[in-house]
Amino acid sequence: MYAMHGLTTLEATAIWTVFGIAILGLLYAIFLRSQILREDKGTARMQEVWGWIRDGADAYLQRQLKSILPFIGILTVALFFSVYIVPPTPEALERFAGMNPDRIRLTLGLARAFAFMMGAGFSLTVGQIGMRMAVQANVRVAAAARTSFSDALRIAYRAGTITGMLTDGLGLLGGTLIFIILGIAAPDALLGFGFGGTLLALFMRVGGGIYTKAADVGADLVGKVEAGIPEDDPRNPAVVADLVGDNVGDCAGMAADIFESYEVTIVSGLILALALWHHTGQLEWIIFPLIVRGIGVLASMIGTYAVKSDAKEGGDAMGAIFKGFFTSAIISSALFYGAGFLYLNNAGINAWGGWWRTPTAVFVGVLLALGIDRLTEYFTGTHTTPVNDIKKSADTGSATLILQGTAVGFESSVWSVLIIALTILASIVIFGTIPGVEGADRINFVLYGVAMAGIGMLTLTGNNVAMDSFGPIADNANGIGEMSWEGAEKEENANAQQIMADLDAVGNTTKAITKGVAIGSAVIAAVSLFGSFLVDVSRTQAGLGIPLASQIQSIGIRVDVPQVFVGMLIGGAIPWLFSSFAIQAVSRAAALIVKEARRQFKLGVLDGSAQPDYRQAVSISTTAAQKELLSLATIGVVAPIIVGLTLQVEALGGFLAGLILSGQLLAVYLNNAGGAWDNAKKLIEDEPKDIENNLGKGSERHKASVVGDTVGDPMKDTAGPALNPMIKVANLVALIVAPIVVQYANAKGAQLVGVWISVIVLLGLIVWAIRRSKAPAPELTVD
């Protein structure tokens, strides 16, 4: 802790308090877990169905872990040696004064490699434990729905809060611990920490997304459209794979995704804070982001208890959830300003424009989260005009329904970008008007403001993750009820089924909202990382003796330079290639599941003369997901390195700019169009069934909406969400390799040969990744 020179007693106390809050968040997760596990698990049949889901989810995650561990091992070694290619940073030299350069490199290499493994391990822990708690909760929600709407809502939300507290606690614990140990040299290790968390999130997002949507699309097409049976009908051979997929995709994948966003925003914030510390000599720029994160954990814990309903049936779940979010937002915002006044209101900070600027930037981030929350609900909620317009378009068939949903997705992407643009403009107004600050220093202050907005946006991570996990928990509960209750028992539990259907519809909206927040945070974090990229490149150039006027922060990323424009074009294309391969993987696996279900139907599963074999669909989804893990991750990791080594560092900056803009627009479109189609289908399913008048389940309108839903499934749950970690993986890789690119920009002789050998090897990896992603999935051998 005292490795950072000049730390006051107040600052030391604040950091240790933040560390204590991280531990408190983890203890709160344990407390909530004990509450959930005490709840009733329902009938023996409900527990049997639940056991199938639990076993399938556990088996998938174990197989996924075996697939990715070798890749993690290789990258750990690569990160250790990455510090040997460039000279130690000035901060590292100051922190480890008295050590010789080789010893410093060894220390930094070990720190970066260990931090990478810690980030990956924490991300994996959040995803795995979060998923397992969701599985524990779903049967308990189904049991509670038999007697009370309020109890079902409470269990579902608090089970999600466990994952939220794990995300908060581990993210804050890791970042604070690295800061305590390394002080001003922390960014060297924080890059590894962020990269580890982001890479694991990418793996879990891609694998879980392909698994869940291959099963979902296959189950819907063969069950609802072809066989005309209800969703989650136990006769559907793909139904268990579908329910397992909700957990491995929406719970494990999303939890890891938001965790890495939580990590990356603090990484970029501290790197930019370090630049301000160099310029102003004020440690407050570095300490305050950690204080903000501690405040967020406390506010999320308090907000949990605002999510409640007194209704026994038919309550307003969305209103209760938003009340909890809004409560946490108000508490945290008040505490931001209180902490800012107490800690930042001093002569040192006031000399740079006043203490109020930093907490205001954080507050803008909270407003950004609220804005995206409301915007996403508008475009995907069941009570709003866009979804009802899609529902109406089902009157004329699936084609018009798909066109209307596509239009809704396109429009939502525009407004989302404008909200993010306003956030960045707000940072310009807050930090770009400090008297006497010009040029590169002004840019650093503005980018620091953007980073603080990102930290503010994810302050309520506990609430966001709880909202996301709520969706698959409610969906699984609905499925367990559908598969468990038959005949008189089904009629007796009709009210419970309606409660779970209502919670499921709300869950679709909360999932879309948290995906919107995740996408927005990805862009804000990427912009902050872009600023960190400029800072690190300029610092490396300065170390090589390049004059200030020629450094990248002085001349900027000029689009009129041809190679920069080429880099921008390549960066803009990467999200489309990535999404194409992800959706193709779902399509291929879903086709295999449809064939397998048709085969089992022919054996007599529909009429009850044969029992469905759920294992086959589970195996198909698992195999398809594993096939794509490494290839899609390779594209995100390798592409920025190739651009940097071949087109130089300015083109790498252009690559990142193109990637951020293109990825944002595409991800929001995929997310919101898919969510709107899904909820339009649910509105039609809630209609009284009247085939003659084309209403309700089984009608032509319903079949059209199912087609729209299946088209949107891989968009909103596979390709769209996976773009978030992919964007940040590419940004972090660029940030790590940028000093190397600058170092070898004018390589000659053996060094030049080494650079081009590296490029050829990396191009080979890209070719391998593309060929592997386009290869057909192997046909399943039936036992």
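To be clear, the structure that these remarks concern was listed above.
Please read these numbers as outputs of a predicted model, since none were measured by experiment.

A. Structural detail: the overall build of the protein. Along the backbone of the protein there are 22 helices and zero strands. Within the protein, buried positions represent 65% of all 783 residues. Here the contacts in the protein between residues at least 6 apart in sequence split such that 85% fall between residues at least 24 apart. Surface accessibility of the protein: about 26,000 Å² in total, with carbon and sulfur atoms responsible for 64%. Positive and negative charge centroids in the protein, built from 53 and 63 side chains respectively, lie 5 Å apart.

B. Main features of the packing of helix α11 (residues 357–380) against helix α12 (residues 385–393). Packing of α11 against α12 leaves a shortest axis separation of 5 Å and a crossing angle of 20°. On the basis of their axis angle, the class for α11 and α12 is roughly parallel. On the side of α11, the interface is formed by Tyr378, Phe379 and Thr380, while α12 contributes Thr385, Pro386 and Val387. Each residue belonging to the contact of α11 with α12 can be placed in one class, and the counts come to four nonpolar, two polar and no charged.

C. The arrangement of the nonpolar core in detail. By size, the foremost hydrophobic cluster in this structure holds 262 residues, and its most contacted members are Ile178, Phe195, Leu199, Trp285, Leu503, Phe533 and Phe655. When residues in this core are grouped by element, the largest group, 35 residues, is from helix α20 (residues 614–685). With near-sequence residues (within four places) excluded, Leu199 lies in contact with Phe71, Ile72, Leu75, Phe116, Val637 and Val729. Of all hydrophobic cores here, the second largest spans six residues; its members include Val222, Val594, Ala597 and Val605.

D. Main features of the packing of helix α6 (residues 186–227) against helix α19 (residues 562–602). For the pair α6 and α19, interaxial distance at closest approach is 8 Å and the crossing angle is 40°. It follows from the interaxial angle that α6 and α19 lie oblique. As α6 packs across α19, the resulting crossing turns out to be right-handed.

E. Region of interest: the side chain of Asn476. Position of Asn476 among the secondary structure elements: in helix α15 (residues 461–484). Here Asn476 falls in the buried class, since its relative accessible area comes to 0%. When sequence neighbours within four positions are dropped, the list of residues in contact with Asn476 reads Ile53, Asn138, Leu243, Asp246 and Asn247.

F. Focus on a nonpolar patch on the surface. On the surface, Val77, Phe81, Tyr84, Leu106 and Leu110 cluster together into a nonpolar patch covering about 450 Å² of accessible area. Elements that contribute at least two residues to the nonpolar patch include exactly α2 (44–82) and α4 (101–145). Residue position: Leu106 is located in helix α4.

G. Molecular detail of unusual backbone geometry. Its identity as a non-glycine residue notwithstanding, Gln648 has a phi of 80°, on the positive side. In this fold, Gln648 is placed in helix α20. In this structure Gln648 comes out as partly exposed when scored by relative accessible area, which is 23%. At Asn694, a position not held by glycine, the phi torsion is positive, near 60°. Its place among the elements puts Asn694 in the loop between α20 and α21 (700–743).

H. Summary view of the packing of aromatic side chains. Enumeration over the complete set of coordinates arrives at 20 aromatic pairs. Geometrically, the ring pair formed by Phe71 and Phe203 is edge-to-face, given 5.7 Å between the ring centres and 80° between the ring planes. Note that Phe71 is positioned in helix α2 and Phe203 in helix α6, a separation of 132 residues in sequence. Classification of Phe203 as buried rests on a relative accessible area of 0%. The rings of Trp285, Trp352, Phe431, Phe445 and Tyr448 are connected pair by pair, giving a single aromatic cluster. The ring centre of Trp50 lies 4.6 Å from the NZ or CZ of Arg54, which sits over that ring. The residue whose ring lies beneath Arg374 is Phe322, and the NZ or CZ to ring-centre distance is 3.8 Å.

I. Layout of the pattern of salt bridges. Counted under the stated rule, the structure contains 27 salt bridges. The salt bridge partner of Lys213 is Asp717, with a shortest N-O separation of 3.0 Å. Highlighted residues: Lys213 in helix α6 and Asp717 in helix α21, separated in sequence by 504 residues. Given the relative accessible area of 2%, Lys213 is considered buried. Asp717 sits in the buried class, given a relative accessible area of 0%. A salt bridge links Lys681 to Asp709; the shortest N-O distance between them is 2.9 Å. A residue pair is termed long-range when its members are at least 10 positions apart, and Lys681 in helix α20 and Asp709 in helix α21 qualify at 28 residues. Looking at Asp709, the relative accessible area reads 1%, which means it is buried.

Conventions we followed
- Residues numbered from 1 in each chain as written.
- Predicted model: local features only at pLDDT ≥ 70, side-chain atom pairs only at ≥ 80, totals over all residues.
- Heavy atoms only, no water.
- Helix = DSSP H or I, 4+ residues; strand = E, 2+ residues; numbered from the N terminus.
- Buried < 20%, exposed > 50% of the residue type's maximum accessible area, 1.4 Å probe, protein only.
- Contact = heavy atoms within 4.5 Å.
- Areas by Shrake-Rupley, 256 points an atom, 1.4 Å probe, with all protein chains shown as cover.
- Lys, Arg positive; Asp, Glu negative; His and termini not counted.
- Charge placed at Lys NZ, Arg CZ, Asp CG, Glu CD.
- Axes fitted to C-alpha atoms, helices over the stretch in contact; angles between N-to-C directions.
- Parallel < 35°, antiparallel > 145°, perpendicular 65-115°, else oblique.
- Nonpolar A, V, L, I, M, F, W, Y, C, P; charged D, E, K, R; others polar.
- Core = buried A, V, L, I, M, F, W, Y, C linked by side-chain atoms within 4.5 Å.
- Left-handed = near helix turned anticlockwise from the far one by under 90°.
- Patch = residues over 30% accessible without salt bridge, like charges linked within 9 Å, V, L, I, M, F, W, Y side chains within 5 Å.
- Salt bridge = Lys/Arg side-chain N within 4 Å of Asp/Glu carboxyl O.
- Phe/Tyr/Trp six-rings, centres within 6.5 Å; stacked < 30°, edge-to-face > 60°.
- Lys NZ or Arg CZ within 6 Å of the ring centre and 35° of its normal.

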